[in-house]
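Here is what each chain is made of, one letter per residue.
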Amino acid sequence: MNRREFLKTALTVAALSPFAKLYAKETPDGNKSSDIIKGQQITRRNYKNTGITLPLLGFGMMRLPTNENGIDYATAEKMVARAMEAGLNYFDTAYMYHGGKSQVFVGDVLSKYPRDSFYLANKMPPNSATTIENVEKIFKEQLEVCKTPYFDFYLIHALNASLWEMHKSIGTYEFLKKMQKEGKIRKLGFSFHDTPDVLQKIVNDKEWEFAQIQMNYLDWELYKSKEQYEILEKAGIPAIIMEPLRGGALSTLNPTASEILKNANPNVSVSSWALRYVGSFSNVLIILSGMTLPEHLEDNIKTFTPFVPLNDKEKETLNLALAAYRKSLAIPCTACKYCMPCPFGVDIPTMFGLYNQAQITKNKHGFKRNYAQMSGSNAEVCVACGLCKTKCPQKLDIPELLKKVSAEAKG
């Protein structure tokens, strides 16, 4: 692995270890139980008071381990096996994850398990599905690539105001409801990146069985996650949570904030505080974690076996840590990579990751050295075309922020 790839990997997030086979059965109401497996199982929650139970922790397949050939199949497959062993049998992929290779991995690996032993979620991509013909073609392709006759959970991906109007105009929802009637979709929902008023409109416009929103203790106010969660709760729509660790930022924090949490409980990770925060809300059905390293998966399994909500004293401690972390927060990027690829070659998430790390560690020399190592893909390559800005779910002014990173490197 060269230094550039090391820098990218070092700035990513999450998850695993051993393995065993999951023997599960599906009841008539769609419940896939894993209670006959040996060993402890992670906490599960009922779907809308039905017999369907889902693991509170879901495996997000956006940040799988990689090597020089792409996805590291050997490591990732062992992680899947370990997840299944622990009862973590909800897997979330998408059309663009790993450049489309996440879906291929899902098809290659999960097809080795009985189809009724796991839940699979996939999504209609935001930028490719611009006509109903494309929607139909993409959905058929997804079933084939994932080697599955149906998706347990299917989402219209990354909705905002303009994308929702586009999908309404071409009839995406109606097509997916047709697929649901044909048994190719079990539950239909959407993922969301916009303001609470837009979320309320989408909720009002159609009937939804779940929704996926960004939520964590930093974004509760910063990203208006509180209002979004309350809209779904009031509407009776179960919430699936993405970015509970905010792209890994809440796994590291800064020295002062981390020390506050470690002093309160030296036996648990910083990440576990963020995951327990999100899981403490009753309308949260699943918390997705994009897991890259085996040890992170093990830590997540530990947090959810069994899951224990935060108590009042722990919430006060977390608020103190958040206050300390806010003082060093520089660029609120989650490294989702929706802004990529940059047509001019800028590695945007890595640039922001390097900058934020420098703000936390105060190691300016290290930042300049690593920045220089990214010559050809660092912030200086940016021509401010603005394409990345239109794709950013966080609504960041990426060109202006890259100027900030470049100025820091030259200062």
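Residues numbered from 1 in each chain as written. Predicted model: local features only at pLDDT ≥ 70, side-chain atom pairs only at ≥ 80, totals over all residues. Heavy atoms only, no water.

**Focus on the confidence of the model for the chain**
Should the pLDDT be low somewhere, the predicted coordinates at that spot are not to be read in detail. Note the following rule: pLDDT runs from 0 to 100 and stands for how confident the predictor is about each residue. Any pair of residues with heavy atoms lying within 4.5 Å of one another is described as a contacting pair.
Averaged over all residues, the pLDDT of the chain is 89; the fraction at 70 or higher stands at 90%. Scored below 50 in pLDDT, residues 5–29 makes 85 contacts in the model with residues more than four places away or belonging to other chains. In this model residues 33–38 is a low-confidence stretch, pLDDT under 50, and it forms eleven contacts with partners more than four residues away in sequence or in other chains.

**Observations regarding helix α3 (residues 101–110)**
Put simply, the rule reads: Relative accessibility thresholds used throughout: buried, under 20% of the residue-type maximum; exposed, over 50%; partly exposed, between the two (1.4 Å probe, protein chains only). Helical segments are the DSSP runs of H or I of at least four residues, strand segments are the runs of E of at least two, and each set is numbered from the N terminus.
Within α3, seven of the ten residues are buried, which leaves the element mostly enclosed by the surrounding structure. Within α3 the residues assigned to the buried category are Ser102, Gln103, Phe105, Val106, Gly107, Val109 and Leu110. Along its buried surface, α3 packs onto β7 (70–71), α2 (73–85), β8 (90–92), β9 (119–124) and α4 (132–145).

**Details of the environment of Ala211**
Counting through the fold element by element, Ala211 comes out in strand β12 (residues 210–214). Residue class for Ala211 comes out buried when judged on its relative accessible area of 0%. C-alpha separation for the pair Ala211 and Ile237, spaced 26 residues apart in sequence, amounts to 6.8 Å.

**Regarding the pattern of salt bridges**
Quick reminder of the rule: Salt bridges are identified by distance alone: a Lys or Arg side-chain nitrogen within 4 Å of an Asp or Glu carboxyl oxygen.
On inspection of all chains with the given rule, the structure shows 18 salt bridges. Note that Glu77 is salt-bridged to Lys112, the shortest N-O span being 2.7 Å. One end of the pair, Glu77, is in helix α2; the other, Lys112, is in the loop between α3 and β9, with 35 residues separating them in the sequence. One salt bridge in this structure joins Lys147 and Asp108, with 3.0 Å as the shortest N-O distance. You can see Lys147 sitting in the loop between α4 and β10 (151–159) and its partner Asp108 sitting in helix α3, a full 39 residues away along the chain. When its relative accessible area of 47% is taken as the criterion, Lys147 is described as partly exposed. A cluster of three or more residues bridged by salt bridges with shared partners is formed by Glu165, Lys168, Lys201 and Asp205.

**Side note on the packing of aromatic side chains**
Note the cut-off: Two rings from Phe, Tyr or Trp (for Trp, the six-membered ring) form a pair when their centres are within 6.5 Å of each other. A pair whose planes differ by under 30 degrees is stacked, one over 60 is edge-to-face, and the rest are tilted. For a Lys NZ or an Arg CZ to count as sitting over a ring, it must be within 6 Å of the ring centre and within 35 degrees of the ring normal.
Per the stated rule, a full pass over the model turns up 22 aromatic pairs. Relative to Phe281, the ring of Trp220 lies with its centre 4.8 Å away and its plane at 35°, an arrangement referred to as tilted. Of this pair, Trp220 sits in helix α8 (residues 219–222) while Phe281 sits in the loop between α12 (270–279) and β14 (284–290), and the two are 61 residues apart along the sequence. Accessibility expressed as a relative area gives 15% for Trp220, which makes it buried. A connected cluster of aromatic rings, assembled from ring pairs, spans Tyr217, Trp220, Tyr229, Tyr277 and Phe281. Stacked on the ring of Tyr150, the Lys or Arg Arg186 has its end atom at 3.9 Å from the ring centre.

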